[in-house]
Structure formats: C-alpha cells, structure tokens
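So you can see what is in the structure, the chains are spelled out below.
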Amino acid sequence: MNNGHLRKRTHAPSPFLAPSNDHTKAFNIIVRPALCACANLETTKGRRYNAFLILTISSLPVLALIIQNAVDVRENNNSLAISSEIKGDVLFSVESGEVVHYMQIERGTSALYISSGRDVSVKLNLDIARVNTDKAIQALSSWPGVASDGPNYVSEQAFHQSIQDWRWRVDSNATVPQNIKFYTDNIAVMIRWLADGIQSSHNGGLWSTLVSYHMLIISKEQAGLERALGSTFFAQGKSTR
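Residues numbered from 1 in each chain as written. Predicted model: local features only at pLDDT ≥ 70, side-chain atom pairs only at ≥ 80, totals over all residues. Heavy atoms only, no water.

Caption draft 1: A look at the nonpolar core. Membership of the largest hydrophobic core comes to 33 residues, with the highest contact counts inside it found for Val99, Val100, Met103, Phe159, Trp166, Val170 and Trp193. For this core, the element with the most residues is helix 5 (residues 176-199), which contributes 11 residues. Setting aside its immediate chain neighbours within four residues, Trp166 contacts Ala174, Gln178, Asn179, Phe182 and Tyr183. (Core = buried A, V, L, I, M, F, W, Y, C linked by side-chain atoms within 4.5 Å. Buried < 20%, exposed > 50% of the residue type's maximum accessible area, 1.4 Å probe, protein only. Helix = DSSP H or I, 4+ residues; strand = E, 2+ residues; numbered from the N terminus. Contact = heavy atoms within 4.5 Å.)

Dropping the structure here:
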C-alpha cells in the first residue's frame, strides 16, 4: 500500500463478456430487421424465404431416397450379372455333359464296329450314336474353345468337322487304339472346359453341386473307357470263358 490507499487493479476486456451497447445497437439496427423481414409472411421476401426453407427441408429425404435407390440399383445390377454368368456356366456344364455322354457311346460303338470287322449290324447302332452326338453338339448354347486348345476347338463348326473327318476314317482304315485315343482326347478337353466353368461359379451350395456333377462325369468317363475296351475284347473272341 502506498499513501494508505489501495491501488485499483485493472483488467483487459474479456472476449467472453457480453457485447457492448454499441454492438447490441448495431445488431438491432442491421441484423434483426433483416431476420424479421425474412420471417414475415406478409412480405414477398418473407414468403419466398419461407418457401425456400420448406422446399429445402422437404427435398432432403427425397435426395436420400434417390441416393439409396441408386446404390440398390447398382448392387442389383452386379448381382444380376453374376447370376447370369453362373447360369451360363451351369447351362454349359449340363450341355457339355450331354456331349461327353454321347461321345462316350459313339467311342464304344465305333470300337466295337472296328473290332467286329465293320459288321453291318453294328453299323446301324453306330449311325444312331453318331446322330445323337451331332444333336448334342448342335444344342450347345456357347463354345468356350480357344486356339490354344488346338485348331479343332476354335469353333463348334471346326470341332464338328473334325468328328466328321474321323468318322470317315472309322469307316475305312482306323484301328481300335486310334479310335479310343481320338474320342478320349476330345472328351478330356470337354471335361476340362466343364471344370473351368465350375471353378468360376463359386456360389455356395450350387458350386458344391456342380463339383459333384463334374466328379460324376469323370466317373462316367472312366467307366465308358473300360466299356469301350471291353467291347473290343469280347468282339475279338478273347474272353477267357
């Protein structure tokens, strides 16, 4: 204390203090009338402002629905594309299985025809088997063959022509081992195509069903090959009984 008096302590103005009277007056003079004019429905400006607010607020849910529907449409399109691809793979698996089935029958009948000395009675059954194979090939809805598989697999027409050319050899000078090899090689390519289609169809239970179908086709091929070899064995009179 100096001279018995307390020195009055001064403070800097705080930013958290209430605005001064000058600021309040400025707010009342400039801002408040503008807000009142916008909220006043009796004026054109007020009505426009309120209409704008109503439209803005009401458009937000509509915009949200549009975005949600756009996302749903995109997801549905992706699901549809995947389903369509799986459908094509399944369809080709069934159709190629039919081709394999009838080619197995034609292989066995051709082998029997050759080993029987090209007997006319066997030829009748062979002609039926050939017709069934042709129908199965023509019923294919797609052809996945590429040049890397060989020139005979570039297209369905090229494959069918190779079958026709081989049939001419069966009717003339082909041997049983050559016949077995020709059909077995072609069947192996078809089974590989079937497996490739199944691998691209990873769809839960459907995929496991297709794998089971593929294993069934392989089992049929092994049994069909044994049947073709066995028919020639008995046709040549080499049975032990």
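Now, onward.
Caption draft 2: Structural view of unusual backbone geometry. Unlike most non-glycine residues, Arg118 shows phi in positive territory, near 60°. As for its placement among the helices and strands, Arg118 is situated in the loop between helix 2 (44-115) and helix 3 (120-138).

Caption draft 3: Spatial organisation of the packing of helix 4 (residues 156-172) against helix 5. Between helix 4 and helix 5, the least distance of the axes is 11 Å, while the angle of their chain directions is 170°. On the basis of their axis angle, the class for helix 4 and helix 5 is roughly antiparallel. Here helix 4 runs over helix 5; the crossing is left-handed. Where helix 4 abuts helix 5, its residues Phe159, Ser162, Ile163, Trp166, Arg167, Arg169 and Val170 lie against Gln178, Asn179, Phe182, Tyr183 and Asn186. Of the residues in the contact of helix 4 with helix 5, the class split is 6 nonpolar, 4 polar and 2 charged. (Axes fitted to C-alpha atoms, helices over the stretch in contact; angles between N-to-C directions. Parallel < 35°, antiparallel > 145°, perpendicular 65-115°, else oblique. Left-handed = near helix turned anticlockwise from the far one by under 90°. Nonpolar A, V, L, I, M, F, W, Y, C, P; charged D, E, K, R; others polar.)

Caption draft 4: Region of interest: the packing of aromatic side chains. Scanning all chains against the criterion turns up 6 aromatic pairs. With a centroid separation of 5.3 Å and 40° between ring planes, the pair formed by Trp143 and Phe159 is classed as tilted. Separated by 16 residues along the polypeptide, Trp143 in the loop between helix 3 and helix 4 and Phe159 in helix 4 bring together distant segments of the chain. Just as Trp143 is buried, Phe159 falls in that class too. Plain terms: the ring middles of Phe182 and Tyr183 are 5.3 Å apart, the flat faces sit at 85° to each other, and that makes the pair edge-to-face. Overall, Phe182 belongs to the buried group, its relative accessible area being 15%. A relative accessible area of 0% places Tyr183 in the buried class. (Phe/Tyr/Trp six-rings, centres within 6.5 Å; stacked < 30°, edge-to-face > 60°.)

Caption draft 5: View of the pattern of salt bridges. By the definition in use, this model includes 7 salt bridges. For Glu106, the salt bridge goes to Arg167, with nearest N and O atoms at 2.8 Å. With Glu106 in helix 2 and Arg167 in helix 4, this residue pair connects regions lying 61 residues apart in the sequence. Since its relative accessible area comes to 0%, Glu106 is described here as buried. Note that Lys181 is salt-bridged to Asp185, the shortest N-O span being 2.8 Å. Of the two residues, Lys181 and Asp185 are both situated in helix 5; the distance of 4 residues between them amounts to about one turn of the helix. What makes Lys181 exposed here is its relative accessible area of 54%. The structure contains a network of salt bridges with shared partners spanning Glu106, Asp134 and Arg167. (Salt bridge = Lys/Arg side-chain N within 4 Å of Asp/Glu carboxyl O.)

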